[in-house]
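One-letter residues, chain by chain:
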Amino acid sequence: MKLERVEIRRIDIPLRTPFRTSLGLELNRDILLLRADTSEGSGWGECVAMPEPGYSEEYLDGAAEMIRRFLLPAVAALDDLTPARVAAAMAAFPGHPMAKATVEMAVTDAWLRARGTSYADHLGGMRDVVDCGVSVGIADTLDLLVAEVSGYVDQGYRRVKLKIEPGWDLAPVRAVRERFPDIALQADANAAYTLGDARHLAALDAFDLVMLEQPLAAEGLRDHAALARMLRTPICLDESITSARSAADAIGLGACAIVNIKAGRVGGYLEARRIHDVCAANSVPVWCGGMLETGLGQAANVALAALPGFTLPADIVPSERYFSTDVTAPITMDEGRIAVPEGPGLGLDPIPEIVEGYTTDVVTVGGF
């Protein structure tokens, strides 16, 4: 299989409701979609980088430039494309995991479609359905937060995650726990605290949380290990985990008891699977995080979350959670679970007229 042409498409999708975290407020999703045309068919990739560096050092314009100028020529030089060879070719360039994950996803989709194999089967998925958790942004008031969570509980989500930040932490967690004493509840700080906040964060122990996700800075593994010794609530790492090696280091230091795996953050689904394997070997549970993806990205995440070590509900949600109209046929949830796509590749296709309606820019790269 050879790479023949690539379409890099920028789309802008309004969110159904604003989504606020400690990193800021999102009103829409500015997304990069990649269509890789090969000698054996086409495949799709989705970039999870944000317009501005905040969650990580990557940003959307930079990812697009990296893909166009460096990654695509390296991949196009391969005589026989496979997902593993694509990843190896891109490894010559340090960093840029979200850009690399986008290219790997698109080529893998094309390669699997040509072979009639699903993403889940390729990765080693063992489940037909994946448990869904919902991520709830920072609200204007406690009453609005509790009302929002109540709606998600009624819809059947199997875990609720509350975004927190200094000044919005103990009170919202307490309010939700008092209203819903039996739900699986966790808090996500997106690195908004320091080790000096340890005593304050220890007060979260009173609320029987499943985990406290990424309380401190991404590079602070030793600080997380120190914090873990001060809290009963299990620490989960997100931004700190960028590879299988970093996962092994975090586990070895005692910096976490749980790992959130996002394929875009770690450079692709092959590296995500390696992180899963490292965690499984150390009896550390993992779960699949989300980045407000369209149906294309959600389909790949569902396939990843079907692996056996993903024992906690994922940040994978039906399309209606974020978008009035998704770029694919809507992903739906039944009793708090989403079915793993069974078709070749991602098992979903973008709907051309919908994608076109959201498109703000298209660049075609060919003539390799």
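Scroll up to find the structure.
Attention here is on the structure that accompanies the text.

What counts, and where the lines are drawn
Residues numbered from 1 in each chain as written. Predicted model: local features only at pLDDT ≥ 70, side-chain atom pairs only at ≥ 80, totals over all residues. Heavy atoms only, no water. Helix = DSSP H or I, 4+ residues; strand = E, 2+ residues; numbered from the N terminus. Polar contact = N/O pair within 3.5 Å; in protein donor to acceptor, adjacent residues only side chain to side chain. Contact = heavy atoms within 4.5 Å. Core = buried A, V, L, I, M, F, W, Y, C linked by side-chain atoms within 4.5 Å. Buried < 20%, exposed > 50% of the residue type's maximum accessible area, 1.4 Å probe, protein only. Axes fitted to C-alpha atoms, helices over the stretch in contact; angles between N-to-C directions. Parallel < 35°, antiparallel > 145°, perpendicular 65-115°, else oblique. Left-handed = near helix turned anticlockwise from the far one by under 90°. Nonpolar A, V, L, I, M, F, W, Y, C, P; charged D, E, K, R; others polar. Pairing = 2+ DSSP bridges. Right-handed = clockwise from strand over helix to strand, strands pointing away.

### Quick look at the side chain of threonine 102
Mapped onto the fold, threonine 102 is located in helix H3 (residues 97-115). From its side chain, threonine 102 meets the backbone oxygen of methionine 98 in a polar contact 2.7 Å long. Those residues in contact with threonine 102, other than ones at most four positions away along the chain, are Leu34, Gly45, Glu46, Cys47 and Ile67.

### Brief notes about the side chain of arginine 29
Note that arginine 29 resides in strand E2 (residues 24-38). Polar side-chain contacts of arginine 29 include one of 3.0 Å to the backbone oxygen of methionine 291.

### Some remarks on unusual backbone geometry
Backbone geometry places aspartate 208, a non-glycine residue, at a positive phi of 55°. Structurally, the position occupied by aspartate 208 is in the loop between helix H7 (198-202) and strand E8 (212-213). The backbone of glutamate 335 shows a phi angle near 55°, a positive value even though the residue is not glycine. With respect to the helices, strands and loops of the structure, glutamate 335 is situated in the loop between helix H12 (295-305) and strand E12 (337-339).

### Quick notes on the nonpolar core
Soluble globular proteins: nonpolar side chains tend toward being buried together. Counting 127 residues, the largest nonpolar core has Ile67, Val103, Tyr119, Leu162, Leu204, Val259 and Ile275 as the members making the most contacts within it. Among the elements that take part in this core, helix H1 (residues 60-76) stands out by supplying 9 residues, more than any other. Contact partners of isoleucine 67, with chain neighbours within four places excluded, come to Ile8, Leu32, Leu34, Leu72, Pro73, Ala99, Thr102 and Val103.

### Quick look at the packing of helix H9 (residues 244-253) against helix H11 (residues 269-281)
Packing of H9 against H11 leaves a shortest axis separation of 8 Å and a crossing angle of 25°. By the angle between their axes, H9 is roughly parallel relative to H11. Of the two elements, H9 crosses H11, and the hand of that crossing is right-handed. Residues Ala244, Ala247, Ala248 and Ile251 of H9 form the contact with H11, whose participating residues are Glu271, Arg274, Ile275, Val278 and Cys279.

### What about the packing of helix H8 (residues 221-230) against H9?
Each pair of packed helices gets described by two things: the angle between the helix axes and the distance between those axes. Orientation of H8 relative to H9, taken along the N-to-C sense of each, is 35°, at an axis distance of 9 Å. For the pair H8 and H9, the crossing hand works out as right-handed. Of the residues in H9, those touching H8 at Leu221, Arg222 and Ala225 are Asp249, Ala250 and Leu253. Looking at side-chain class alone, the contact of H8 with H9 contains 4 nonpolar, no polar and 2 charged residues.

### Section: the pairing of strand E7 (residues 185-188)
With burial as the criterion, each face of E7 is covered, one bearing Leu185 and Ala187 and the other bearing Gln186 and Asp188. Relative to E7, strand E6 (residues 160-163) is paired through 4 bridges, and the arrangement is parallel. Residue pairing across strands places lysine 161 opposite glutamine 186, the latter belonging to E7. With respect to chirality, the unit in which E6 leads through helix H6 (residues 170-179) into the neighbouring parallel E7 is right-handed.

### Looking at the sheet that holds E2
Pairing in this open sheet of 4 strands is antiparallel, and the strands run E3-E2-E1-E13 from one edge to the other. Two strands bound the open sheet, and with one partner strand each, they are strand E3 (41-47) and strand E13 (359-366). Shown here is a sheet whose adjacent strand axes are inclined to one another by a mean of 20°, direction ignored. Sheet topology note: the strand E1 (residues 3-21)/E2 ladder contains 14 bridges and is antiparallel. In the sheet register, phenylalanine 19 faces E2, and the bridge partner there is glutamate 26. In the packing of H1 onto the sheet, contacts are made with E1, E2, E3 and E13, and the angle to E1 comes to roughly 155°.

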